[in-house]
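Structural overview for review
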Amino acid sequence: MKPIVVLDFETSGMSPDFNDRAIEIGAVKIVDGAIVDEFQSLMNPGVYINGFIQDLTGISNDMLKDAPHNSQVMTQFYEFIQDSHIVAHNLSFDKKFLDAELGLVDLEFTGSAGCSLLLARRILPDSPNHKLGTLVNYCRVPKSGQFHRALDDAKMTGFIWLAMIDKIESSIGKTVSFEMIQKICKTPKKKIPELLASI
DNA sequence: TGCCAGGCCCTCTTTAGGGCCTT
């Protein structure tokens, strides 16, 4: 089974379509249900980081001043995710930035991707909501460090992912493939019990 | 220059609207 890289970006805003850029990447690599490696780097895209983002992340313009440029970091990160599946909390957000930043260095990730937010809405329907911070408490996984820092968020997302996989596998009594997880994420909530019973 | 998102999912739906998530 391929490794799973759980990743998280901190960015200058909500969309690369409006010239927002990644300012930090954090990721953990999961093999056989355990975190075996990690990747973290600030990166300096050469754009000014506004006060809201500085307050949210604790990442200041001064901290980015001497950070390596995005092109250098993303080239290294591309090697880190080779031959892996990727997972993120609200994948559609992080995948946009991954594609945009890799595209700027003429690279492309063509592997499979999964979303812990979509899985949580299906597997943990009784959670008060499906924000990362809420799921950390709901799943009783370790709170590692500071929210809105990339590596800490990636670690916590990784723990939540593993907790959800464990819950699925405990309920059906067998292991599930990454492809099956993707299928669960695409299945309407109402049909999840029926799907799990059929595995 | 400055503008500022968008996919998912529910429902009093599908000829739509609005909340949830991510920074």
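Use the structure listed above.
In this text, all values refer to a predicted model and were calculated from it rather than measured experimentally.

**As for the overall build of chain A**
What chain A contains, in helices and strands, is 9 helices and 5 strands. Along chain A, from the amino end to the carboxyl end, the secondary structure elements read β-β-β-α-α-α-β-α-β-α-α-α-α-α. Taking 16 Å as the expected radius of gyration for a compact globule of 199 residues, we find that chain A reaches 17 Å, a close match to that expectation. Taking the principal axes of the C-alpha coordinates as reference, chain A spans close to 55 × 35 × 30 Å. Per-residue burial over chain A gives 49% buried out of 199 residues. Expressed as a percentage of contacts within chain A between residues at least 6 apart in sequence, the contacts between residues at least 24 apart total 63%. Accessible area of chain A: about 10000 Å², with a carbon and sulfur share of 51%. Averaged over its 20 positive side-chain charges, chain A has a centre that lies 10 Å from the centre of its 25 negative ones.

**Description of the sheet that holds strand S1 (residues 4–11)**
One open sheet accounts for 5 strands, arranged S3-S2-S1-S4-S5; its pairing is mixed. If you trace the sheet from one side to the other, it starts and ends with strand S3 (34–42) and strand S5 (113–115), each paired once. On average, each strand axis in the sheet is inclined to that of its neighbour by 25°, with strand direction left out of account. Pairing of S1 with strand S2 (residues 22–31) involves 8 bridges; the strand directions are antiparallel. Residue Glu10 lies in a different strand from S2, and its bridge partner there is Glu24. Along the sheet, helix H4 (residues 91–103) makes contact with S1, S2, strand S4 (85–88) and S5, crossing S1 at roughly 80°.

**Some details on helix H5 (residues 116–123)**
Within H5, 6 of the 8 residues are buried, leaving the element largely enclosed by the surrounding structure. Inspection of H5 places Ser116, Leu117, Leu119, Ala120, Arg122 and Ile123 among the buried residues, and these make up the whole buried set. Those residues of H5 that are buried are in contact with S4, S5, helix H6 (132–138), helix H7 (150–172), helix H8 (178–186) and helix H9 (192–198).

**Some words on the environment of Ala150**
Along the chain, Ala150 turns up in helix H7. Remark: the alpha-carbon pair of Ala150 and Ser92, spanning 58 residues in sequence, is separated by 16 Å. Not counting the four nearest positions on each side in its chain, Ala150 is found in contact with Asp8, Glu10, Glu24, Ile25 and Gly26.

The rules behind the values
- Residues numbered from 1 in each chain as written.
- Chains lettered and ligands numbered in written order.
- Predicted model: local features only at pLDDT ≥ 70, side-chain atom pairs only at ≥ 80, totals over all residues.
- Heavy atoms only, no water.
- Helix = DSSP H or I, 4+ residues; strand = E, 2+ residues; numbered from the N terminus.
- Rg over C-alpha atoms; globule rule 2.2 N^0.38 Å.
- Buried < 20%, exposed > 50% of the residue type's maximum accessible area, 1.4 Å probe, protein only.
- Contact = heavy atoms within 4.5 Å.
- Areas by Shrake-Rupley, 256 points an atom, 1.4 Å probe, with all protein chains shown as cover.
- Lys, Arg positive; Asp, Glu negative; His and termini not counted.
- Charge placed at Lys NZ, Arg CZ, Asp CG, Glu CD.
- Pairing = 2+ DSSP bridges.
- Axes fitted to C-alpha atoms, helices over the stretch in contact; angles between N-to-C directions.

Spatial relationships are all this shows, so hold off on functional conclusions.
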